[in-house]
Amino acid sequence: METSFNVLSTPIQSSFLSSSTKVFPVASRNKICFPSQHSTGLKFGSQERSSDIFSTPKSRVRKDERMKHSSAISTVLTDDNSTTASLEEDVETENIGLLNLDPALEPYLAHFKYRMKRYVDQKKLIVKYEGALEEFALGYLKFGFNREEGYIVYREWAPAAQEAEVIGDFNGWNGSNHMMEKDQFGVWSIRIPDVDGNSAIPHNSRVKLHFKHGNGVWVDRIPAWIKYATVDATRFAAPYDGVYWDPPPSERYHFKYPRPPKPKAPRIYEAHVGMSSSEPRVNSYREFADDVLPRIKANNYNTVQLMAIMEHSYYGSFGYHVTNFFAVSSRSGNPEDLKYLIDKAHSLGLQVLVDVVHSHASNNITDGLNGFDIGQSSQESYFHAGERGYHNLWDSRLFNYANWEVLRFLLSNLRWWLEEYNFDGFRFDGITSMLYVHHGVNMGFTGKYNEYFSEATDVDAVVYLMLANNLIHKIFPDATVIAEDVSGMPGLGRPVSEGGIGFDYRLAMAIPDKWIDYVKNKNDQDWSMKEVTSSLTNRRYTEKCIAYAESHDQSIVGDKTIAFLLMDKEMYSGMSCLTDASPVVDRGIALHKMIHFFTMALGGEGYLNFMGNEFGHPEWIDFPRDGNNWSYDKCRRQWNLMDREHLRYKFMNAFDRAMNLLDEKFSFLASGKQIVSSMDEDNKVVVFERGDLVFVFNFHPDNTYEGYKVGCDLPGKYRVALDSDAWEFGGHGRVGHDVDHFTSPEGTPGVPETNFNGRPNSFKVLSPARTCVAYYRVDESMSETEDD
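Residues numbered from 1 in each chain as written. Predicted model: local features only at pLDDT ≥ 70, side-chain atom pairs only at ≥ 80, totals over all residues. Heavy atoms only, no water.

An unreviewed UniProt entry lists the protein chain under the name 1,4-alpha-glucan branching enzyme, with Anisodus acutangulus given as the organism. Looking at the protein chain in UniProt, the text filed under Pathway (unreviewed entry) is "Glycan biosynthesis; starch biosynthesis." The Catalytic activity (unreviewed entry) field of the UniProt record for the protein chain holds the comment "Transfers a segment of a (1->4)-alpha-D-glucan chain to a primary hydroxy group in a similar glucan chain." (UniProt positions renumbered as here; feature names shortened; annotations may be inferred.)

Structure follows, in structure tokens:
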């Protein structure tokens, strides 16, 4: 969702330990940031010092009345008597491990100590008043609608409300007999007794909160913790209703399959359930499970990342303007249907991540969380007051992460999706907007560290993210948690115990911008092997990245996918195998394969692809809107194009499947060995090693090289592991797969400067124009059958 921008990094030339730094310009697009170029941050030794070194503020915690109760329901964040944090179970405030990895962060030690103290103090308060962080994150067992013996108990935090009552189908929308009581912390509650042994509120019936605010006006709102919400689809712009969801045991979905083991490296299939049908309509969770998941498995992905799961009233927001955080999107089915999908994925060995949006909330009042903000102070609201509580570019509300009940709400939301639905992790959207009080708007991140550690840093949000990652990994140690950050915040992908923010991976967001820029604006002869390679290897040492050539961002109307940029109108007229491929189509398919494989092999420790791009889906995504007469025609995926044997889309899909299978067999994504030995600008060839494989990419539009010499580490015999020019991938079959390539020693052993391109061995290959080939070293101890 965010603007693409590269992360701080060390360019990898000869190994992961390289410390040289360079500046690589990137194109800026989309919604938040408009960055200039930046340096690649992890510098050992000298670092430009900024005069704007962060100093610890005297106080940035509110002087609220000290909490004096033991209830788990509270609104106060801080304790006036909190002292300097001491060593905690999972973090040390004095010894910041992150600085040992990157000594250039030393000038910002005060900042790290301050935010670590804030984190530890906050966690100590939670333990003191809630028992534990994990208990604090069980807010959904206290708030919203919950069953107790003989009762339904409903609680809602609305401190500014003057009166409140619960209304719905069960009482004819008249709450006079269901008035709620308010406690000293602004929490309204009611116990509704069963009637004749049955729940007074029937399962799947509509409910709302009816309350009066300061000016005497009564309003209806969907409960903040509602677990399901629906809308009358026959009424245009009808408001959503909260739904009491408590199905009898016979109607509940019971998980049958355990979570699959965490993969060594995630190969992620980013998907949108609603637009996954081949028909122009909204697809269902069960249809996606039965029809699309097998396709994902067949292409050897190990992880599915689902977008737009949290309820959002505006379909065209792609799920990023969330209205109901605990509710599944009702367009595609009910909660039990989503559980069926996740269980089906687990049965196929696929982990499932959910796109979580805690960076902002929908501006909608009648059906969103914003409806609880009725002009009260920030301490009484989910959101900041005034300008700080509103994101101008996104037209959405911004959370007050220092608020106790906001922390409870968001942390509980994470635990809810993990435990109620068995999700395996999260992709956090819009992290840049959270990390800084300026939200990244009109910011040109240059890579200077003072841009990340100053009073522009929103420490409240940083502490929340540290708590969130700590919680997620305590509840489910094998969870995968990914951050979408365009700024390159150092430490984002390091453990909380080191002073990091705790994410497992960050998205390598500059890579797609580089490819789009090259495909749009440069002739093939002008492609710089050094620049492209540097963009792919430009990431912070020890902070893992998910690489991708294109995601949903590049598929939205107004933009074009890589396949569409390469082949444009010929995707309608030139994709039949019954005729020879035109030069445009031949080039387009060849470069589509090369770009995705180059990105996967060199760009990170994981790989991501958006639904449909694996086979070069034509056209863009255009959600139903007034401008297209509310059409679903381009809000779907044309799987039939890939399935038809006479169309060339199958070639790109087959190569995608083979790429993933190669990693499944050789685990090169998880390998710490990544060595670029040659960036041949004249011949447009890049040679590198990743794990046990040797990769040769020839981007030259015309030249084929016989006997092209490539360096390698280990001596022996090498064979083709994957060849983009193979017939089954729409190529020309120029590379022999039964050829043995024997190495020759290079230079003096132990003297790298005498080696060939810094490698102690070499072998020669045939490298046709616009092809990429991966070679593996034959294990001579294996039989021929085992090797095949």
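**Q** What's the story with the sheet that holds strand β21 (residues 545-547) in this structure? I'm lost.
**A** Note: strands within a sheet are paired through backbone hydrogen bonds, in either parallel or antiparallel orientation. Strand order in the closed barrel formed by eight strands is β10-β11-β14-β18-β19-β20-β21-β22, and the pairing between neighbours is parallel. Strand-to-strand, the axes of this sheet are offset by a mean angle of 30°, without reference to chain direction. (Pairing = 2+ DSSP bridges. Helix = DSSP H or I, 4+ residues; strand = E, 2+ residues; numbered from the N terminus. Axes fitted to C-alpha atoms, helices over the stretch in contact; angles between N-to-C directions.)

**Q** What should I look at first to understand helix α10 (residues 529-537) in this one?
**A** For an α-helix the count is 3.6 residues per turn, leaving residues at separations of three or four pointing the same way. Summarising burial for α10: seven of the nine residues are buried, a large majority. Here α10 has its buried residues at Met529, Val532, Thr533, Ser534, Ser535, Leu536 and Thr537. Against the buried residues of α10 lie α9 (510-521), α13 (583-602), β23 (674-680) and β24 (685-690). (Buried < 20%, exposed > 50% of the residue type's maximum accessible area, 1.4 Å probe, protein only. Contact = heavy atoms within 4.5 Å.)

**Q** Even after reading the chapter, I still don't get the pairing of strand β9 (residues 241-244), so can you show me in this structure?
**A** For a regular strand, side chains alternate in direction, first toward one face of the sheet and then toward the other. Taking every second residue as pointing to the same face, both faces of β9 are buried, with Asp241 and Val243 on one and Gly242 and Tyr244 on the other. Across three bridges, the pairing between strand β6 (residues 205-212) and β9 is antiparallel. Note that in β9 the partner of Arg206 across the bridge is Val243. Strand direction decides the pairing type here: strand β8 (residues 229-230) and β9, joined by two bridges, are antiparallel. Counterpart to Ala229 in the pairing with β9 is Gly242.

**Q** Before we go on, may I ask you to explain the environment of His254 in this structure?
**A** Along the chain, His254 falls in the loop between β9 and β10 (267-272). Apart from the residues lying within four places of it in its own chain, the contact partners of His254 are Pro249 and Asp343. Within polar-contact distance, the side chain of His254 engages the backbone oxygen of Pro249 at 3.3 Å. (Polar contact = N/O pair within 3.5 Å; in protein donor to acceptor, adjacent residues only side chain to side chain.)

**Q** What should I look at first to understand the environment of Asn146 in this one?
**A** By secondary structure assignment, the location of Asn146 is in strand β1 (residues 144-148). Judged by relative accessible area, Asn146 falls into the buried class, the value being 15%. Here the alpha-carbon distance between Asn146 and Asp246, two residues 100 residues apart in the chain, equals 8.9 Å. Beyond its immediate sequence surroundings of up to four residues, Asn146 is in contact with Tyr140, Leu141, Tyr151, Ile152, Val153 and Lys227. Of note is the side chain of Asn146, whose polar atom sits 3.4 Å from the backbone oxygen of Leu141.

**Q** How do you make sense of the pairing of β24 when you look at a structure like this?
**A** For β24, the tally of buried residues reaches six of six residues, placing the bulk of the element in the interior. Side chains Val685, Val687 and Glu689 project from β24 onto one buried face, and the interleaved Val686, Phe688 and Arg690 project onto a second face that is buried too. Sheet topology note: the β23/β24 ladder contains six bridges and is antiparallel. Along β24, the bridge assignment pairs Met679 with Val686. What sits between the antiparallel neighbours β23 and β24 is a turn of four residues, in which Lys684 has the positive phi angle 60°. Bridging between β24 and strand β25 (residues 693-698) involves six bridges; their strand directions are antiparallel. If you follow Glu689 over to β25, its bridge partner there is Val694. Linkage of β24 to β25, two consecutive antiparallel strands, is achieved through a turn of two residues, within which Gly691 is found at a positive phi near 60°.

**Q** Would you mind showing me how to read the nonpolar core here?
**A** The nonpolar side chains of a soluble globular protein tend to be buried, and buried together. If you look at the biggest cluster of nonpolar residues, it comprises 200 residues, and the most contacted ones within it are Tyr382, Leu411, Phe428, Tyr464, Trp515 and Phe597. For this core, the element with the most residues is helix α8 (residues 459-475), which contributes 11 residues. For Phe428, the residues in contact, after removing those within four places along its chain, are Val356, His358, Leu414, Tyr464, Leu465, Ala468, Ile472, Val481, Ile482, Ala483, Glu484 and Phe503. Ranked by size, the runner-up nonpolar core spans 15 residues in total, among them Tyr708, Tyr718, Phe763 and Val765. (Core = buried A, V, L, I, M, F, W, Y, C linked by side-chain atoms within 4.5 Å.)

**Q** I tried to follow helix α15 (residues 649-666) on my own but got confused; where do I start?
**A** Across its 18 residues, α15 extends 26 Å between first and last C-alpha, which sits within 8% of the 26 Å expected from 1.5 Å per residue. Along α15, 13 of the 18 residues are buried, which leaves the element largely enclosed by surrounding structure. Two residues or fewer past α15, Ser667 is found with a positive phi of approximately 50°. (Expected span 1.5 Å × (residues − 1).)

**Q** Hey, could you run me through the packing of α9 against α13 in this one?
**A** When two helices pack together, their arrangement is given by the angle between their axes and by how far apart the axes lie. Two elements in contact, α9 and α13, have axes separated by 12 Å at closest approach and are oriented at 155°. When the axis of α9 is compared with that of α13, the two are roughly antiparallel. Once α9 is placed against α13, the crossing between them reads as right-handed. Taking contact as the criterion, the partners of Ile511, Trp515 and Val519 in α9 are, on α13, Ile595, Phe598 and Thr599. The residue makeup of the contact of α9 with α13, split by class, is five nonpolar, one polar and no charged. (Parallel < 35°, antiparallel > 145°, perpendicular 65-115°, else oblique. Left-handed = near helix turned anticlockwise from the far one by under 90°. Nonpolar A, V, L, I, M, F, W, Y, C, P; charged D, E, K, R; others polar.)

**Q** Explanation requested: the packing of aromatic side chains in the structure shown.
**A** Two measures describe an aromatic ring pair: the distance that separates the ring centres and the angle between the ring planes. In this structure the tally under the stated criterion is 63 aromatic pairs. Measuring from ring centre to ring centre gives 6.1 Å for Phe564 and Tyr572, while their planes differ by 75°; the resulting arrangement is edge-to-face. Residue classification places Phe564 among the buried positions, given a relative accessible area of 3%. Taking the centre distance of 6.1 Å and the plane angle of 15° together, the rings of Phe697 and Phe699 count as stacked. For Phe697, a relative accessible area of 0% puts it in the buried group. For Phe699, a relative accessible area of 3% corresponds to the buried category. Sitting over the ring of Trp416, Lys227 keeps its end group 5.4 Å from the ring centre. (Phe/Tyr/Trp six-rings, centres within 6.5 Å; stacked < 30°, edge-to-face > 60°. Lys NZ or Arg CZ within 6 Å of the ring centre and 35° of its normal.)

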